[in-house]
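# Observations on the model geometry
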Amino acid sequence: MNQRVSPPQVTFELNGSPVSAAATPNQRLSEILRESCGARDVKIGCDAGDCGACTVLIDDKPVCACLTAAHQVNGRRVDTVAGLHATDPTAKALAQRFQDHGAAQCGICTPGMVVSAVALLRNTPSPSPEQVQDALGGVLCRCTGYRKIIDAVTGVQPIAQAGHGTSGTAIPRVDGSAKIAGQELFGDDIAPAGCLEVLVIRSPHARAKFTLGDLETFAATHGIEAVLTKKDIPGQNLFGVIPQFVDQPVFAEDTVRFRGEAIAAIVAHRDVLAAFDPAHFPVTWTPLPAAQDMTSAKAPQAAQLHEGRDGNIMCGGFVACGDAEAQLAQSDVTVEGRFQSGFVEHAYIEPEAGFAQVIDGRVEVHACTQAPVMDVEALELILGMDRSQIRVVPTAVGGGFGSKLDLSVQPYLALAALKTGQKVRLCYTRTESMQSTTKRHPSDITLRIGADRQGKITGFAFKGDFDTGAYASWGPTVANRVPVHASGPYVIKDYRAESTGVHTNNPPAGAFRGFGVPQSAIAQESLLDELAEKLGMDALDFRLANALENGVPTVCGQVFEQGVGIKPCLTALRDAWASERAGAEAFNATSHTLKRGVGIASAWYGCGNTSMSNPSTIKAGITAKGRIVLHQGAIDIGQGSNTVISQIFATALGVSIQNITRIGGDTDVTPDAGKTSASRQTFISGNAARLTGEALRKGILERLNVAQDAVLTVENGKIVSCDAGGRHVLDLTSLTADADGFVLRAEETYDPPTLPLDANGQGSPYAQFGYAAQLAVVEVDTALGTVRPIKFVAAHDVGHAVNPMMVEGQVHGGIAQGLGLALMEEYLPGHTENLHDYLIPTMGDIPPIETIIIEEPDAHGPYGAKGLGEHVLIPTAPAFLNAIKHATGVRIFQVPATPHRVRAAILKGST
């Protein structure tokens, strides 16, 4: 009677082969496929049917594997993306089209997209865009902006070009095929089935005292292998990303400061954790009053979150030139407003995940991360170990957008592996990810801008408070970056901008595509439209009249002699601006409830760290067999650094990109290419790759004694060069290999030139800025308050488009996220902690996007290239808000501009 009953077997056909696996009642098909059948090409993003990443075919019908009980497929046929890619001609043709359009970026949603598209194409070989939107609308993507996926499925003219991959050509992604075939391994794909797993115990309260109970008895009675608490941390129970602001505990000591904060972790086998209820963990809570908005946190009676940060003020930023207040007092026209925004969730489709093991006393952590070397530095302090004993191996990253710069699973994995001596695995649930990881900073901004009657800006006074949550994370960077950027790309001689980071009992706010600049741009670009209206000027002409130019100081006193591309961006929108405004006026003349509007906005963004060293190092070598190896540590989170940096290196070396073998950011073998943030990788790591390629080429040319323009090829252990003097051969087998196996090698570092800011924020904070101007067309239902995007035109100055197809991909993806910020995304702690309640744009939300690439070369960028990733999102929300104003006549001061807010503004404006 006490004999344990084995789970019944489920037998089905998987990708053409019979399989059988034990399945408990109501066990998810997704789990059986991944853990019992090894089908890790089935991706898990939510376990709730919200994201569609786990889509498979059951008897040719697309379903979410996470919503399907395993026993439902007994005796049926299941196809995953890997099986389809291997045998199905429709899938193979579709895979090529995905490559040709750059339709896979990070790749975590791609299996679900491809499976859904195959099901559509089998029945509808030539679908319309609307049919694609209907068929694939249940699969969420956070990177691409969806339009390239629609193009790939409908089979429009390809973008990618075959060739050597010279910088400036739109070659397919070097890592794209693996993503499309489901072969890319993300954070939760690499751990062996059956290893121990980690569950983090988190606070259900925004602020509370707690005491832990009898953990030994708890572990013994629940089948737990180990319990981790603050007592298990051999080093420092703190982490952070900025040395002066390392303030977040791995495990809270005795008080939690936000809902979702970790207090302990348990390590056990998968079946034990599956049956475990966290409510049974022995902890006693004493809830305390929490300050969950900035006003409450700054009140005199508010509890102090951190010693030495009086009034819960973390830090501030400041830039001033001239006398803003005096000029505002003398201005012919002034406008002012208060603008607010809330938390925004990164909502990457891949939750934080990883795997760890101890090998010969060294701890090895595999995880999705944007900054492997920073992870090593943080673990060194937490574990109390020399960094030589710590290895971080980045997995593929299924979207990051800034949040995967911070530690998440890494310390729990390392501690668990060290304590148990066994292999361990951890993947956050979607709710856990949304509760505990960083967000975009909520903002409360007041701004006044003045102008003279000729339309020149005369004064500008900005004050912004930013909710940095319970811990600092990247809050200091936001506080410092915003005052530099709050002017926008305009000439303003009398300027004052100050920002403040405020601690609250909310989740930490950190890096998210723009570091606070999107919030400040909403205020600045909205009020520029108001100024233009008061002056009776066209909004585009007003911006052109004030736009920054070469040789003209910024608000920090920095002067760029070349590469200031905002006027070309604005000018590129002139035709669309005229035609779309005329079209909207004609439409509105005959439509009473639906109203169309056209809005415009500009942006600039400094690439890299603000006023501080920011180096990247790239290493490359050639083996005796002629294998060219590029150690490329700039983490690709979907933006394309693997491809772009390979293109730059190949161009500098003078070989085809097909000749290059790439090795990623494993901290044991690849030098530090810096974190993937601040739109720095194309510019900074790209420059390091260019220098490395040039150094390697120089060494080859010197050995061969040939001309600088010699053409190089690699042939069977030989390098062959051809120049005016004829054909020359270098026999690589005659050379001695070094410890890396290289007979020729180069390693170069690039650190962009910047200067510190003085007390008034004057200096050279960035070596380069990128520039953008965007135009949005919307349709507003004035009775309901709903806003429907109709069209988008985006002009971006990238200096030099290393890969034009990827430039378009970044533009589309950034606009999609900016649309979410503008119209729908609002994270509410304790309420919107899943992808059902928290809304991100779907395939049906993104309008057609026209991308105009402007190339105003930068003096420092590789071949003139500038960063791009974050620039795109910055002007999107204000362009939408300005379009809503044009359509309705009312200004929205709080984002997202949800229907209830738009409708309330319309009603208020009509009274």
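Positions within a chain are numbered from 1, following the residues in the order the chain's sequence is written. Residues qualify for local features only when their pLDDT is at least 70, as the model is predicted, and side-chain atom pairs are given and counted only at 80 or more; totals for whole chains, interfaces and linings, by contrast, use all residues. Excluding hydrogens and water, the side-chain figures rest on all heavy atoms present in the structure.

Now for the overall build of the protein. A tally of helices and strands in the protein yields 24 helices and 34 strands. A compact globule built from 911 residues should have a C-alpha radius of gyration of about 29 Å, and the protein, at 28 Å, falls within 12% of that. Projecting the C-alpha coordinates of the protein onto the three principal axes gives extents of approximately 90 × 85 × 60 Å. Accessibility here uses a 1.4 Å probe with only protein chains present; expressed as a share of the type maximum, an area under 20% marks a residue as buried, one over 50% as exposed, and anything in between as partly exposed. Residues counted as buried form 62% of the 911 residues belonging to the protein. Here the open area of atoms and residues is found with the Shrake-Rupley method and a 1.4 Å probe, where only the protein chains shown may cover a residue. Accessible area of the protein: about 31,900 Å², with a carbon and sulfur share of 50%. For the purpose of counting charges, residues Lys and Arg are taken to be positive, whereas Asp and Glu are taken to be negative. His and the chain ends are not included. Charged side chains are reduced to one point each, which is NZ for Lys, CZ for Arg, CG for Asp and CD for Glu. For the protein, the separation between the mean place of its 73 positive charges and that of its 94 negative charges on side chains is 2 Å. In DSSP terms, a helix is any run of H or I states spanning at least four residues, a strand is any run of E spanning at least two, and both are numbered starting from the N terminus. As a reference, a globule follows 2.2 Å times the number of residues to the power 0.38, and the radius of gyration itself is taken over C-alpha atoms.

So, on to the nonpolar core. Core analysis: the biggest nonpolar cluster contains 164 residues, and Phe98, Met113, Leu136, Val153, Ile449, Tyr495 and Ile884 have the highest contact counts within it. Here, residues are in contact when the closest pair of their heavy atoms is within 4.5 Å. For Tyr495, the contacting residues outside a window of four places in its chain are Val319, Ala320, Cys321, Ala324, Phe460, Pro483, Ala486, Ser487 and Val555. The nonpolar core is taken to be a set of buried Ala, Val, Leu, Ile, Met, Phe, Trp, Tyr and Cys residues, with the residues joined through side-chain atoms within 4.5 Å. Ile719, Leu732, Leu744 and Met806 belong to the second largest nonpolar core, which has 41 residues in total.

So, on to helix α22 (residues 804–823). Along its 20 residues, α22 runs 28 Å from first to last C-alpha, staying within 8% of the 28 Å computed at 1.5 Å per residue. With respect to burial, α22 is a largely interior element, 18 of its 20 residues being buried. Here the expected span of a helix is defined as 1.5 Å times the quantity of residues minus one.

Working definition: rings of Phe, Tyr and Trp (its six-membered ring) pair if their centres are within 6.5 Å, and the pair is stacked with planes under 30 degrees apart, edge-to-face with planes over 60 apart, and tilted otherwise. The full count for this structure, using the stated rule, is 14 aromatic pairs. Aromatic pair Trp604 and Phe769: ring centres 4.3 Å apart, planes at 15°, arrangement stacked. Here Trp604 is found in strand β23 (residues 594–606), whereas its partner Phe769 is found in strand β31 (residues 769–781), with 165 residues between them in sequence. On the accessibility criterion, Trp604 (3% relative accessible area) is buried.

All right, on to the packing of helix α12 (residues 372–383) against helix α13 (residues 410–420) then. Between α12 and α13, whose axes approach to 10 Å, the crossing angle comes to 50°. Considering their axes alone, α12 and α13 lie oblique with respect to each other. Along this stretch, α12 crosses α13, giving a crossing that reads as right-handed. Across from Asp375, Leu379, Ile382 and Leu383 in α12, the residues of α13 making contact are Gln410, Pro411, Ala414, Leu415 and Leu418. A per-class count over the contact of α12 with α13 returns seven nonpolar, one polar and one charged. For helices, the axis comes from a line fit to the C-alpha atoms of the stretch in contact; other axes are also lines fit to C-alpha atoms, and the angle between any two N-to-C directions lies between 0 and 180 degrees. By the definition adopted for this analysis, an angle is roughly parallel if under 35 degrees, roughly antiparallel if over 145, roughly perpendicular if from 65 to 115, and oblique otherwise. For any pair of crossing helices, the crossing counts as left-handed if the nearer helix is rotated counterclockwise from the farther one by less than a right angle, and right-handed if it is rotated clockwise. Throughout this entry, Asp, Glu, Lys and Arg are counted as charged residues, while Ala, Val, Leu, Ile, Met, Phe, Trp, Tyr, Cys and Pro are counted as nonpolar. The remaining residues, Gly among them, count as polar.

Here we come to the pairing of strand β32 (residues 786–797). Looking at chain direction, β31 and β32 are connected through eleven bridges and run antiparallel. Note on β32: the bridge partner recorded for Tyr771 is Asp797. In this scheme, strands are said to pair when DSSP sees at least two bridges between them. Here β31 folds back onto β32, and the loop between the two strands holds four residues, one of which, Gly785, carries a positive phi near 85°. Summarising the sheet, β32 and strand β33 (residues 849–854) pair through six bridges and their orientation is parallel.

The next subject is the sheet that holds strand β22 (residues 495–503). Ordered by their spatial adjacency, six strands build an open sheet running β12-β22-β21-β20-β13-β34, and the pairing between neighbours is mixed. At either end of the open sheet lies a strand with only one pairing partner, and these are β12 (313–321) and β34 (894–895). The sheet contact formed by β12 and β22 spans eight bridges and is antiparallel. Counterpart to Ile313 in the pairing with β22 is Val502.

This part is about the side chain of Gln768. Here Gln768 shows up in the loop between β30 (744–750) and β31. Taking the relative accessible area as the measure of exposure, Gln768 reaches 0% and is therefore buried. Each residue touching Gln768, except ones within four places of it in the same chain, is listed here: Phe560, Tyr605, Gly606, Cys607, Phe683, Asp858, Gly861, Ala865, Lys866 and Gly867.

What follows covers the pattern of salt bridges. Salt bridges are identified by distance alone: a Lys or Arg side-chain nitrogen within 4 Å of an Asp or Glu carboxyl oxygen. Counted under the stated rule, the structure contains 54 salt bridges. In this structure, the salt-bridge partner of Glu197 is Arg270, at a minimum N-O distance of 2.6 Å. Of this pair, Glu197 sits in strand β6 (residues 196–202) while Arg270 sits in helix α9 (residues 270–275), and the two are 73 residues apart along the sequence. Given the relative accessible area of 13%, Glu197 is considered buried. In this structure, Arg574 and Asp541 form a salt bridge, with 3.2 Å as the shortest nitrogen-oxygen distance. In this pair, Arg574 sits in helix α19 (residues 574–590) while Asp541 sits in helix α17 (residues 539–546), placing the two residues 33 residues apart along the sequence. Overall, the relative accessible area of 33% leaves Asp541 in the partly exposed class. In this structure, a network of salt bridges that share partners links the residues Glu31, Arg34, Glu35, Arg40, Lys43, Asp188, Asp189, Glu197, Arg270 and Arg425.

Below, the discussion takes up the packing of helix α5 (residues 129–136) against helix α6 (residues 147–154). At a minimum axis separation of 10 Å, α5 and α6 run at an interaxial angle of 110°. The pairing of α5 with α6 is recorded here as roughly perpendicular in orientation. Along this stretch, α5 crosses α6, giving a crossing that reads as right-handed. Across the interface between the two elements, Pro129, Val132, Gln133 and Leu136 of α5 pack against Arg147, Ile149, Ile150, Val153 and Thr154 of α6. For the contact of α5 with α6, a count of residues per class yields six nonpolar, two polar and one charged.

With glycine set apart, most residues show a phi of negative sign, and most peptide bonds adopt trans. Across the junction of Val895 and Pro896, the peptide omega takes the value 5°, indicating a cis bond. Mapped onto the elements, Pro896 comes out in the loop between β34 and α24 (899–910). For Ser473, which is not glycine, the phi torsion reads 45° and is therefore positive. Tracing the backbone shows Ser473 in the loop between β21 (457–469) and α15 (475–485). Phi is positive for Ser611, close to 55°, though the residue is something other than glycine. Locating Ser611 in the fold gives a position in the loop between β23 and β24 (616–622).

Attention shifts here to helix α1 (residues 29–36). With six of its eight residues buried, α1 lies for the most part within the structure. Turning to α1, its buried residues are Leu29, Ser30, Ile32, Leu33, Arg34 and Glu35. For α1, the elements touching its buried residues are β1 (9–14), β2 (17–22), β3 (55–58), β5 (77–79), α9 and β18 (424–427). The positive-phi residue at the C-terminal boundary of α1 is Gly38, with phi of around 70°.

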